[in-house]
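# Examination of the molecular architecture
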Amino acid sequence: MTTSRTNGSAIVPALLAMKWWIIAAVVIGALWFTARIGSDEAAPAAYDWGNSPFSGSGPPRTYAEAIRRSDLAIANARAAALAAPDQWLMHEIHASEQLARAQLSGSYDDYAAAQQALDSAFKVAVQGSGPHLMQASLDFGMHRLARAQAQLEAIDGYAVPPDPGDRAEIAAMRGDIAFYRGDYAAALAGYDAADALVPGSASFRRAIFAARIGDVDQADAYLAEAERAYRSPTRQTRAYMELQRGILDLDRGRLTDAMAHFRKADSLFPGRWLIEEHIAEVLNLQGNTAQAEALYRDIVRRTGHPEFIDALAGIAEARGDTAQAKRLYARSWTIWSKRLEQFPEATYGHGIDHCVAKQDWPRALRLAERNHAARPYGEAKIALARALLGNGRSAQAQAMIEQVLASRWRTPDLHAAAADIYQASGMTEKAAEHRRLARAMNPLS
């Protein structure tokens with residue numbers, strides 16, 4: 001692979017260094033540095049990078065600054081790609097910057113722009129080359145598992161094998177694909193293979209796995225292990241770890257502890273809507289409805305994301321303002337419909353939540369069936385079971401939920417759904433047992 005000299009060539013080394021952590025960010029939803037620090041039990045000390053508008057003087061300290069830098073990086077990468085349109089690497093770098101922005105913004109338009117840049121790369125790449133790992137990451141992030149797997153298989157055919165770090169990411173991604181297909185043994189095998197190549201590289205994924213099988217303490221331990229793997233973590237990275245710890249507490253119904261983590265995350269990296277929406281969720285659960293509503297409105301104003309319009313609709317509905325709720329649901333469905341056209345697999349799950357919230361059970365079932373076909377793991381099966389129950393198909397709902405109960409998946413939502421399904425089937429003792437299990441895991445269930 002060769003590259004030509006262009007006006008944008010000065011940015012290439014820095015962008016290349018960023019490429020692989022951008023890929024990891026797409027897969028696990030976090031921005032990480034890749035320098036390992038060994039097995040020291042102590043968490044790495046935070047480094048005070050100081051304030052600067054320039055990336056060379058340290059990482060961004062706020063969400064707004066991160067977006068500004070991302071926009072500049074995209075402009076530079078796009079210019080480099082336009083200056084060397086026959087070099088697929090330039091298009092890949094452009095795609096990587098778009099993916100990095102998408103992780104910050106959550107915008108489907110940013111993901112679509114990344115796909116467009118990757119399409120340009122593949123158009124000029126010779127047979128046996130191209131940005132396959134980047135494409136696999138985008139496909140995985142958009143829940144297109146079969147397409148992601150095909151990209152990884154293309155890498156298997158490379159004349160020169162990837163280096164150990166890349167092979168570790170590939171193994172871990174294969175584990176992720178297995179996880180979302182409901183093959184949990186294969187998922188762990190993939191993570192084991194990744195750790196054999198780069199010790200500790202699958203710790204964050206193992207945290208997600210542990211949380212879904214009900215071992216929240218182990219999940220927390222894996223998060224700590226993942227955090228120890230990075231030298232001088234940025235404020236953004238530290239905020240993301242606090243966010244994850246807060247989510248673990250939220251899933252256990254520990255609202256005060258969850259809020260403490262979310263507030264700390266917000267202080268570390270202010271302005272990120274992903275943190276703020278969790279603060280709003282806890283405020284609403286704590287009964288601070290007015291504060292939650294104000295924060296959701298501000299997030300909607302800045303992002304336009306439909307899930308937060310749905311949250312506002314839920315608040316309006318809870319206070320009896322059904323007309324306002326109806327208007328908000330109609331507004332959000334317009335956006336969901338567009339997203340279903342752009343990236344359908346990535347939208348099904350959220351679309352189900354929207355339809356369930358407004359009691360549109362026929363459409364919820366259609367989306368749940370498609371979601372389950374795309375990613376037949378525990379969460380999708382639970383959503384399908386609930387949609388079947390909502391459509392009066394309790395026997396099929398019971399069969400589906402019992403598939404999950406027969407697996408390793410163990411979450412409060414599983415037991416809560418099982419309780420509802422068994423209750424509808426007249427199996428009151430089983431319903432009571434699963435209600436008890438759900439509340440033991442999360443008193444709010």
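None of these values were measured; they are calculated from a predicted model. (Residues numbered from 1 in each chain as written. Predicted model: local features only at pLDDT ≥ 70, side-chain atom pairs only at ≥ 80, totals over all residues. Heavy atoms only, no water.)

## Thoughts on the overall build of the protein chain
Within the protein chain, the regular secondary structure consists of 22 helices and 0 strands. Buried positions account for 51% of the 445 residues belonging to the protein chain. Of the roughly 19,700 Å² that the protein chain leaves accessible, carbon and sulfur atoms contribute 52%. (Helix = DSSP H or I, 4+ residues; strand = E, 2+ residues; numbered from the N terminus. Buried < 20%, exposed > 50% of the residue type's maximum accessible area, 1.4 Å probe, protein only. Areas by Shrake-Rupley, 256 points an atom, 1.4 Å probe, with all protein chains shown as cover.)

## Description of the environment of I275
Inspection of the secondary structure assignment puts I275 in helix α13 (residues 273-285). Residue I275 is classed as buried on the basis of its relative accessible area, which comes to 1%. Spatially, the C-alpha atoms of I275 and F262 are 6.3 Å apart, while their sequence positions differ by 13 residues. Discounting chain neighbours no more than four positions away, the residues touching I275 are A239, L243, F262, A265, D266 and F269. (Contact = heavy atoms within 4.5 Å.)

## Comments concerning the packing of helix α4 (residues 108-124) against helix α5 (residues 132-141)
Two measures define how a pair of helices packs: the angle their axes make with one another and the distance between the axes. Where α4 contacts α5, the axes come no closer than 11 Å and their chain directions differ by 150°. With respect to each other, α4 and α5 are oriented roughly antiparallel. α4 and α5 meet at a crossing whose hand is left-handed. In contact with Y111, A114, Q115, L118 and F122 of α4, α5 contributes H132, M134, Q135, L138 and D139. (Axes fitted to C-alpha atoms, helices over the stretch in contact; angles between N-to-C directions. Parallel < 35°, antiparallel > 145°, perpendicular 65-115°, else oblique. Left-handed = near helix turned anticlockwise from the far one by under 90°.)

## Quick look at the pattern of salt bridges
This structure, assessed with the given rule, holds 29 salt bridges. Of the charged contacts in the structure, one is a salt bridge between R68 and E65, with a shortest N-O distance of 2.7 Å. Residue R68 and its partner E65 are both found in helix α2 (residues 63-83); the two are separated by 3 residues, about one turn of the helix. Take E65: its relative accessible area is 11%, and that puts it in the buried class. (Salt bridge = Lys/Arg side-chain N within 4 Å of Asp/Glu carboxyl O.)

## A few points about the packing of helix α12 (residues 255-268) against α13
At a minimum axis distance of 9 Å, the contact between α12 and α13 shows a crossing angle of 150°. Viewed along their axes, α12 and α13 adopt a mutual orientation that is roughly antiparallel. As α12 runs across α13, the sense of the crossing is left-handed. Counted together, L255, A258, M259, F262, R263, A265 and D266 of α12 and I275, E276, H278, I279, V282, L283 and L285 of α13 form the full contact between these two elements. Partitioning the contact of α12 with α13 into residue classes produces 10 nonpolar, 1 polar and 3 charged. (Nonpolar A, V, L, I, M, F, W, Y, C, P; charged D, E, K, R; others polar.)

## What about the packing of aromatic side chains?
Going through the model one piece at a time under the given rule, you end up with 14 aromatic pairs. Ring centres of Y184 and F209 lie 6.2 Å apart, and the angle between their planes is 80°; this geometry places the pair in the edge-to-face category. One end of the pair, Y184, is in helix α8 (residues 184-197); the other, F209, is in helix α9 (residues 203-212), with 25 residues separating them in the sequence. Of the two residues, Y184 and F209, neither departs from the other in class, the shared state being buried. Taken together through their ring pairs, the aromatic side chains of F140, F179, Y180, Y184, F209, Y377 and W409 make up a single cluster. Between R339 and the ring centre of Y108, over which it is positioned, the NZ or CZ distance is 4.3 Å. (Phe/Tyr/Trp six-rings, centres within 6.5 Å; stacked < 30°, edge-to-face > 60°. Lys NZ or Arg CZ within 6 Å of the ring centre and 35° of its normal.)

## With respect to unusual backbone geometry
Phi is positive for H143, close to 65°, though the residue is something other than glycine. Its place among the elements puts H143 in the loop between α5 and α6 (145-156). Taking the relative accessible area as the measure of exposure, H143 reaches 19% and is therefore buried. A positive phi is found at Q359, a non-glycine position, where the angle reads about 60°. Here Q359 is to be found in the loop between α17 (344-357) and α18 (361-374).

## A short note on the side chain of H91
Structurally, H91 can be placed in helix α3 (residues 88-105). Ignoring anything within four residues of it in the chain, the contact list for H91 reads A81, A84, P85, A117, S120, A121 and V124.

## A closer look at the nonpolar core
L152, F179, I401 and W409 are the most contacted members of the largest nonpolar core, which has 53 residues in total. Broken down by element, this core gets its largest block of residues, 9 residues, from helix α7 (residues 164-180). Beyond its immediate stretch of four places on either side in the chain, F179 contacts Y184, A187, Y191, F209, R212, Y377 and W409. (Core = buried A, V, L, I, M, F, W, Y, C linked by side-chain atoms within 4.5 Å.)

## Things to note about the environment of P443
The topology assignment puts P443 in the segment after α22 (428-441). With sequence-adjacent residues up to four places away left out, P443 is seen in contact with R252 and G253.

## Brief notes about the confidence of the model for the protein chain
Predicted confidence across the protein chain gives a mean pLDDT of 89, with 87% of residues reaching 70 or more. Segment residues 1-49: pLDDT under 50, and 106 contacts once partners within four positions in sequence are set aside and those in other chains are kept. Between residues 51-56, whose pLDDT stays under 50, and residues either more than four places distant or in other chains, the model counts 8 contacts. (pLDDT = per-residue confidence, 0-100.)

## Digging into the side chain of D249
Looking at where D249 falls in the secondary structure, it is placed in helix α11 (residues 235-251). Sequence-distant contacts of D249, that is, excluding residues within four places in its chain, are made with R254, D257, A258 and H261.

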